[in-house]
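# Examination of the molecular architecture
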Amino acid sequence: MASMRDIKRRKSSIQSTQQITKAMKLVSTVKLQKAKSHAEQTDPYFNYMYHTVSSMLAKSGNINHPYLTGGDSTKKAVVVITSNRGLAGGYNSNIVKLITGNEDLKKEDLEIYAVGGKGVEGLSRRGYHIVSDDSAIMEAPSYPDAAALCKKVLDSFAKGEIGEIYLAYTHFKNTVSHEPKLIRLLPVDIKAQEETDEASNVLMNYEPNEEEALDMIIPKYVTSLFYGALVEAVASENGARMQAMDSATSNAEDMISDLSLKYNRARQGSITQELTEIIAGANAIE
Amino acid sequence: MADNMFKVEIITPDRVFYTGDADMIEFNTVQGQIGVYRNHIPLTTVLEPGLVTIHEGDVQKVAAVHAGFAEILNDRVTLLAEVAEWPEEIDVARAEAAKERAEQRLISKNAELDIKRAEFALHKALTRISAAEYR
């Protein structure tokens, strides 16, 4: 049986850890509220953008544009959005697993555009090729940041260095459920677009013309997806951390009560032993 | 809603900037200024930095809009703008500074890409300054 002193030391160490996890939970709760309302505000833009591009593509199936057909290169770019800080449960490792576990994405074909330090660590350790690391964006994602990232990726797409663009991020469903997602951005998935069709019988005109409009709108579409993903990822990160810290706090609680019990038992045991010794000593003198 | 009114929405990545009814809206596209009434033909067009004027009866609302595109349907106009600002929100001093910087860059003449960007920046700054006059 461990001594009273050991148990006491262990208990106080767990108590101070619990205080930290409790504080972290409170901090991420506040951050989550902020990130959540931010995510809700970006939603209309993102939805409308998606809707417009969908209906545009649904009606213009025969346009031969690289954004729709894909590049010649077999290289695939994946924009990986993770967090800079850990202690968020499975948040980061889920994203990494999403990429390592996908059989269509072969390691040698991938070019990783990482946002978030944990993704960089996880993927470079497994031998993935990291092209760029924009982890600073994660601190406070803004639309210009997303636009800069988008420009970088689309430039290499335009140069033919990459043939397809994917985006891996954590979708924020609600406060308690977040889902790691991998979506293909370019070439645009026309099959998925056909579902959203209500106003498609309106004959739409394009200015300057369809192809040029597409040329200008698709980058904005990609940027808005990046931005939406960044904002959702921040919300998911804080949600995941809040949950992780919540369970850490309650685990600490369990351990503390367990240790308190052991401590009291040990204390009682030592008192009993001392008494027995005294009585035995007294008996011996008589 | 009266017969000649239609719905206007201006949406930016960070917020729903404006939503309401109008009987005419003017804005700047890559092909030039256009004014839209109800029952316009369906049109999707790309925006240039410029002023958006929303006419609602006798009331006029002006805002500065930079980059994005517009979708016009017969009873609805939606502007998806990367940046949109009311005149009250514009920092004139900053816009003036941006204008000077852009002009400097245009005078110094570097690579092709730089000129395009500087022109765009100048355009944006000028839009902001002219929008601020509507305060």
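Since the model is a prediction, treat every value here as computed from it, not as a measurement.

### Structural notes on the nonpolar core
All names here are of chain A. Of all hydrophobic cores here, the largest spans 58 residues; its most connected members are Ile81, Ile165, Leu186 and Phe226. Here this core takes 17 residues from helix H7 (residues 210-285), the largest share from any one element. Apart from the residues within four sequence positions on either side, Phe226 is in contact with Val79, Ala146, Leu149, Cys150, Val153, Leu167 and Leu185.

### Description of the interface of chain B and chain A
Contacts between the two partners involve 26 residues from chain B and, on the opposite side, 22 residues from chain A. Between chain B and chain A the total buried area reaches about 2,200 Å² when both faces are included, carbon and sulfur atoms providing 68% of it. Of all residues in chain B, Pro13, Thr44 and Phe69 of chain B give up the largest surface area on contact with chain A, accounting jointly for 25% of the area buried on that side. Summed over the shared surface of chain B and chain A, the result is one salt bridge. There are seven residue pairs in polar contact (both at pLDDT 80 or more) connecting chain B and chain A.

### What about helix H3 (residues 91-100) of chain A?
Residue and element names in this part refer to chain A. All of the buried residues along H3 are Tyr91, Asn92, Ile95, Val96 and Ile99. Down the axis of H3, the buried set is contained in an arc of 135°. They therefore lie on one face. Check the buried side of H3 and you find it contacts strand S1 (76-81), strand S2 (110-115), helix H4 (117-125), strand S4 (164-172), strand S5 (178-186) and H7.

### Some details on the UniProt feature "domain: ATP synthase F1 complex delta/epsilon subunit N-terminal" (unreviewed entry) in chain B
Mapped onto the present numbering, the UniProt feature "domain: ATP synthase F1 complex delta/epsilon subunit N-terminal" (unreviewed entry) falls at residues 6-84 of chain B. Spanning residues 6-84 of chain B, this segment combines 0% helix with 78% strand, and its end C-alpha atoms are found 20 Å apart.

### Brief notes about the pairing of strand S3 (residues 130-133) of chain A
A regular strand places its side chains on the two faces of the sheet in alternate fashion. Residues and elements named next belong to chain A. Strand direction decides the pairing type here: S2 and S3, joined by three bridges, are parallel. When the sheet's bridge partners are listed, Ile112 is paired in S3 with Ile130. As a crossover connection, the stretch from S2 through H4 into S3 is right-handed.

The rules behind these values
- Residues numbered from 1 in each chain as written.
- Chains lettered and ligands numbered in written order.
- Predicted model: local features only at pLDDT ≥ 70, side-chain atom pairs only at ≥ 80, totals over all residues.
- Heavy atoms only, no water.
- Core = buried A, V, L, I, M, F, W, Y, C linked by side-chain atoms within 4.5 Å.
- Buried < 20%, exposed > 50% of the residue type's maximum accessible area, 1.4 Å probe, protein only.
- Helix = DSSP H or I, 4+ residues; strand = E, 2+ residues; numbered from the N terminus.
- Contact = heavy atoms within 4.5 Å.
- Buried area = accessible area lost by both parts, 1.4 Å probe.
- Salt bridge = Lys/Arg side-chain N within 4 Å of Asp/Glu carboxyl O.
- Polar contact = N/O pair within 3.5 Å; in protein donor to acceptor, adjacent residues only side chain to side chain.
- Arc of directions from axis to C-beta.
- UniProt positions renumbered as here; feature names shortened; annotations may be inferred.
- Pairing = 2+ DSSP bridges.
- Right-handed = clockwise from strand over helix to strand, strands pointing away.

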